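A closer look at the structure
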Amino acid sequence: MNIWNIINLFGGLALFIFGMNLMSDGLKLVAGSYLKKILEKLTKNRIIAMMVGAGLTALIQSSNAMCVMVVGFVNAGMMQLERSVGILMGAKIGTTITGQLIAFNISEVAPVIAFVGVVVTMFAKKPKIKNVGQIIASLGVLFIGLGEMSSAMKPLANEVWFQDILNMFSNPILCVFIGIVFTVIIQSASASVGVLQMLALSGVMTFPGAFAQAFYIMLGMNIGASVAPALASISGRKDAKRVAFIVILFESIGMVVFLIVTTIFPQIFDWIMATSPGNPTRQIANANTIFNLVTVLMLLPCANYLVRIARWVIRGEDEKETEALHYIDESGYQSGTVLIGQIDKEVGRMYGLVRDNLEAATKSYFGKMKMSNEQFAENEAAVDFLNKEIVAALIRTSEVGVSEKEAKHTGNLYHIVTDLERIGDHAENVLGYQIQMKENEQVFSDKALKQLKELSQSVYKIFDLSCEHFANPSEELYYVIYNMEDSIDKMVDKMRASNTKRLSKHKCEATQGLYFNEILVDLERVADHSLNIAQAAKKYEIYNDDDE
C-alpha cells in the first residue's frame, strides 16, 4: 500500500461524509417544518412514536440529526421527555437504512447520479426542486466516495502488518472501544458502519473469520453515535440532558445484552451471515438492523423505566436566571427547524416579560405596583438581553439551512423582537414618570386616572391580540387589531384635548399635564408596535403563495 492509496482512502472518506451530510441537509430542507408538526402531533402513543422516529430518520438519513432535534425540542419545552423515548428508539432503526442502501454498491453509476443531481440543482428555479437535486447529487457523491474507499483499501488485504492489527482485535471489549472512538471522531454512526462495510467489501476483513470482530466494532459505533446528542445537551435544560442520557443508556444496554448472548451462543453470527450469503456489506447492514431492532423491541416496553432512571441520575429542576437563554442551546444549531422552534419559545418568554412590565408600569398609578422596581429593572435587562441574543440566533439560521417558509418567518421575527424591545422601553418610560411624580408628591386627577385606566386596558388588549395573532394568524383577527389601533389613536387625541382643557382651567399643574401627555405618547406607541407585530404575521401567513 503506497501513499496514493492513503490519499485516495482519505479522499474517499471525505467525499462519503460530505455526501451524507449534504444529503441529510437536503432532506431536512425538503421536509422543512413538517418534521416539527409530525413530532408534535404523532408522539402520544409509544409505538406510533417509535414508527415516526424510524420513518423520519430514514427520511433525513441521520440518527444523530434526529436525536439532536429531539434534544432541541425537549429543551424548548415543545416535547415532553416521556414522549421522546419512542422517537429516540425509532431513530436507531431508521438509521440502519443507510447501511442497507450502501449494500447495493452502485458505485459504478454514482457519477451519473451525481451529474443528474447537479444538472437539476443548476437549472431548477423552484427551491424545493433544487433541494431534490441536492439530494440526488449528494447520493452520487456518497457512492463515489465509497468506491474510492473500497479501491484504496484493497491493498490492505495483503499487508501483513495490518492483518496483525486486526488479529489483535480478538477481545470483544476492545472491538467495541475501537468502534466508539472511530464514531466519535467521524460523528456519524451511518458513516462509520459504511466504512466497516467497505473494509469487508475490499477483502480487508474476510468473513466468516472476522465477522465477530466487525459485529462488535459495529456495536461500539452505535454507542459512539450517542456522543452528538450528549454534547448538544450540555448547555440545555435537565430534560434535554435526560434525553441524551436515555440515548446512551439504550445503546449501552443493547451492547451489553448482545455481548453476553453472542458469547454464550456464537452461532448467532452464522445465522446473521446466512441472511445474505456471500455479500459481506449486506451482512454488516443486516447485523446493524437486527441489533437495533431487537434492542428496540426489548426496551420499548421499558420506556417509562428508562425515563425514571434518567430522572434519578439527573435530579432536580432547572433554575435559570432571568437574564439568560432558557430554550436556545447548541442542539438548535444542528437543525434550522429546531432552532426556529427554540427562538419562538424565547420570543414568547420575551413577550411575557414585556407584558408584565407594561401592566406593572401602568398600574403603578393606581396603587402599589405588583412588582418591585428591582424586579422591573431585571425584566427590562432580560428583554434587552433577549433582543440581542435572539437576533444573533436568527442570523445563524442561515448557516444551518431553512426552508423558504421558515426563512420568511425568521425575517418577521427580526421585526417582532425589535418591536417587543421598544414596547419594553415605553413601559420603562411610563414607570419613570410615575417615580418622578411620586418624588414630587404629585398625583393625577380622578378624571385623568380614569382615562389612563381606560387607555391602558385597550393597550393591554391590542398587545395580547397581536401576539396571539402572530402565533395563530387569521385575517379576521388582523382587521380587529387594525381597527383597534385606529380607535386607540382617536382615544388618545380626545385625551390630549381633555388634558389641554384641564391645564387651561388650572385643574392640574403644568408638570402633571406634561407627564400625562408623555404617557399618552408612550402608550400610543405601544399600540403602534403591537400593530407592527400583527402586520408581520399577516405577511407571513395570508400572502404566502404556498398556503393558497
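Counting of residues starts from 1 at the beginning of each chain's written sequence and follows it residue by residue. The predicted origin of the model limits local features to residues at a pLDDT of at least 70 and limits the giving and counting of side-chain atom pairs to 80 or more, whereas totals for whole chains, interfaces and linings rest on all residues. Side-chain numbers here rest on the full set of heavy atoms in the structure, without hydrogens or water.

Quick notes on the overall build of the chain
Only runs of H or I of at least four residues qualify as helices and only runs of E of at least two qualify as strands under DSSP, and these elements are numbered from the N terminus. Broken down by element type, the chain carries 23 helices and zero strands. For each residue, the accessible area found with a 1.4 Å probe, counting protein chains only, is set against the maximum for its type, and the residue is called buried under 20%, exposed over 50%, and partly exposed in between. By the burial criterion, 53% of the 548 residues in the chain qualify as buried. Any two residues having at least one pair of non-hydrogen atoms within 4.5 Å are treated as being in contact. Within the chain, contacts between residues separated by at least 24 positions form 81% of all contacts whose residues are at least 6 apart in sequence. The Shrake-Rupley method, run with a 1.4 Å probe sphere, supplies the accessible areas, and residue values consider only the shown protein chains as cover. About 24700 Å² of surface is accessible on the chain, with carbon and sulfur atoms providing 60% of the total.

Thoughts on helix α20 (residues 404-439)
When the terminal C-alpha atoms of α20 are compared, their 54 Å separation across 36 residues agrees well with the 52 Å that a helix rising 1.5 Å per residue should span. E441, located one to two residues past α20, shows a positive phi value of around 55°. In this analysis, the expected span of each helix is defined as 1.5 Å times one less than the number of residues it contains.

Focus on a nonpolar patch on the surface
Together, I3, W4, I6, I7 and F10 make up an exposed nonpolar region whose accessible area comes to about 550 Å². With respect to the secondary-structure elements, W4 resides in helix α1 (residues 3-31). Patches in this entry comprise residues that are over 30% relatively accessible and not in a salt bridge; like charges within 9 Å are linked, as are nonpolar side chains (Val, Leu, Ile, Met, Phe, Trp, Tyr) within 5 Å. Put simply, a salt bridge is a Lys or Arg side-chain nitrogen that is within 4 Å of an Asp or Glu carboxyl oxygen.

A closer look at the nonpolar core
Counting residues in hydrophobic clusters, the biggest one holds 64 residues, and the most contacted among them are I343, Y365, F444 and L455. Sorting the residues of this core by element identifies α18 (336-363), α19 (373-400), α20, α21 (446-471), α22 (475-504) and α23 (510-541) as the ones contributing at least two each. Considering every element that reaches this core, the biggest residue donor is α23, with 12 residues. Leave out the neighbours within four places in its chain, and Y365 touches V430, Y433, Q434, M437, F444, L449, L452 and I519. What makes a nonpolar core is a set of buried Ala, Val, Leu, Ile, Met, Phe, Trp, Tyr and Cys residues whose side-chain atoms join them at distances within 4.5 Å. Core analysis: the next-biggest nonpolar cluster, separate from the first, contains 46 residues, A152, M153, C175 and M218 among them.

Things to note about a positive patch on the surface
In summary, the charge assignment counts Lys and Arg as positive and Asp and Glu as negative, without counting His or the chain termini. All charge positions are set by atom: Lys at NZ, Arg at CZ, Asp at CG, Glu at CD. On the surface, a cluster of positive charge is contributed by K447, K450, K501 and K505. Along the chain, the position of K450 falls in helix α21. We classify K450 as exposed; its relative accessible area is 64%.

Quick notes on the packing of aromatic side chains
Working definition: a ring pair exists when centres of Phe, Tyr or Trp rings (six-membered ring for Trp) sit within 6.5 Å. Plane angles under 30 degrees give stacked, over 60 give edge-to-face, the rest tilted. The tally for this structure, following the rule as stated, stands at 12 aromatic pairs. Aromatic side chains Y216 and F269 sit 5.8 Å apart centroid to centroid with 90° between the ring planes, which places their arrangement in the edge-to-face category. Placement of Y216 in helix α12 (residues 211-224) and of F269 in helix α15 (residues 267-273) is noted, with a sequence separation of 53 residues between them. Just as Y216 is buried, F269 falls in that class too. The interplanar angle of 40° and the centroid separation of 5.2 Å between the aromatic rings of Y351 and F463 together place this pair among those described as tilted. Taken together, the residues span a long stretch of sequence, with Y351 in helix α18 and F463 in helix α21 at a distance of 112 residues. Judged by relative accessible area, F463 falls into the buried class, the value being 0%. Linked through ring pairs, F211, F215, Y216, F258, F269 and F291 together constitute an aromatic cluster. Whether a charge sits over a ring comes down to the Lys NZ or Arg CZ being within 6 Å of the ring centre and within 35 degrees of the ring normal. Sitting over the ring of Y327, K345 keeps its end group 5.6 Å from the ring centre. Lying over the aromatic face of Y460, R355 brings its terminal NZ or CZ to 4.8 Å of the ring centre.

Some words on the environment of Q375
Position of Q375 relative to the elements: it lies in helix α19. Through-space distance from the C-alpha of Q375 to that of N357 is 9.1 Å; in sequence the pair is 18 residues apart. Within the structure, Q375 has its side chain in polar contact with the side chain of N379 (distance 2.8 Å). N or O atoms closer than or at 3.5 Å make up a polar contact, with two conditions inside protein: a donor-capable atom paired with an acceptor-capable one, and, for residues adjacent in sequence, both atoms drawn from side chains.

Section: the side chain of Q134
Looking at the secondary structure, you find Q134 in helix α8 (residues 127-153). Residues within four places of Q134 in sequence aside, it is in contact with L22, D25, G26 and T121.

A closer look at the confidence of the model for the chain
Mean pLDDT over the chain works out to 81, with 88% of the residues at or above the 70 mark. Put simply, helix α9 (residues 160-168) is where the chain has its lowest mean pLDDT, 62, and α15 is where it has its highest, 91. Within the model, the stretch residues 540-548 combines pLDDT values under 50 with 15 contacts to residues more than four positions away or in other chains. Scored from 0 to 100, pLDDT reflects the predictor's confidence in each residue.

Observations concerning the side chain of S276
Relative to the helices and strands, S276 is located in the loop between α15 and α16 (280-299). In this structure S276 touches R282, Q283 and N286, once residues within four positions along its chain are discounted.

Describing the pattern of salt bridges
Any two side chains of opposite charge can pair, given that their charged atoms come close. For the structure shown, the criterion picks out 10 salt bridges. Between E251 and K92 there is a salt bridge whose closest N-O contact spans 3.2 Å. Linking E251 in helix α14 (residues 238-264) with K92 in helix α5 (residues 81-94), this pair joins segments that are 159 residues apart in sequence. Across the pair, exposure class does not vary: E251 and K92 are buried alike. The salt bridge partner of R355 is E359, with a shortest N-O separation of 2.8 Å.

Here we look at the packing of α19 against α20
Axis lines are fitted to C-alpha atoms, over the contacting stretch for helices. Their N-to-C directions set the angle, which ranges from 0 to 180 degrees. Where α19 contacts α20, the two axes come as close as 10 Å, and the packing angle between them is 165°. One way to sum up the angle between α19 and α20 is to call them roughly antiparallel. The way α19 lies across α20 gives a crossing that is left-handed. Three residue categories are used. Nonpolar comprises Ala, Val, Leu, Ile, Met, Phe, Trp, Tyr, Cys and Pro, charged comprises Asp, Glu, Lys and Arg, and polar comprises the others, including Gly. Here the contact of α19 with α20 is built from residues that sort into 13 nonpolar, six polar and five charged. Note on terminology: angles under 35 degrees are roughly parallel, angles over 145 are roughly antiparallel, angles of 65 to 115 are roughly perpendicular, and the others are oblique. Helix crossings are classified by the rotation of the near helix relative to the far one: an anticlockwise turn of less than a right angle makes the crossing left-handed, while a clockwise turn makes it right-handed.

A look at the packing of helix α7 (residues 110-123) against α8
α8 packs onto α7 with a crossing angle of 160° between their chain directions and a minimal axis gap of 7 Å. It follows from the interaxial angle that α7 and α8 lie roughly antiparallel. In this structure, α7 crosses over α8, and the sense of that crossing is left-handed. Contact residues: A110, P111, I113, A114, V116, G117, V118, V120, T121 and M122 in α7; I129, K130, G133, Q134, I136, A137, L139, G140, V141, F143 and I144 in α8.

Regarding unusual backbone geometry
A positive phi is found at E441, a non-glycine position, where the angle reads about 55°. The residue E441 is located in the loop between α20 and α21 in this model. Among the residues examined, E441 registers a relative accessible area of 75% and is labelled exposed.

Looking at a negative patch on the surface
A cluster of acidic residues, E323, E378, D384 and E428, forms a negative patch on the protein surface. Within the secondary structure, E428 is located in helix α20.

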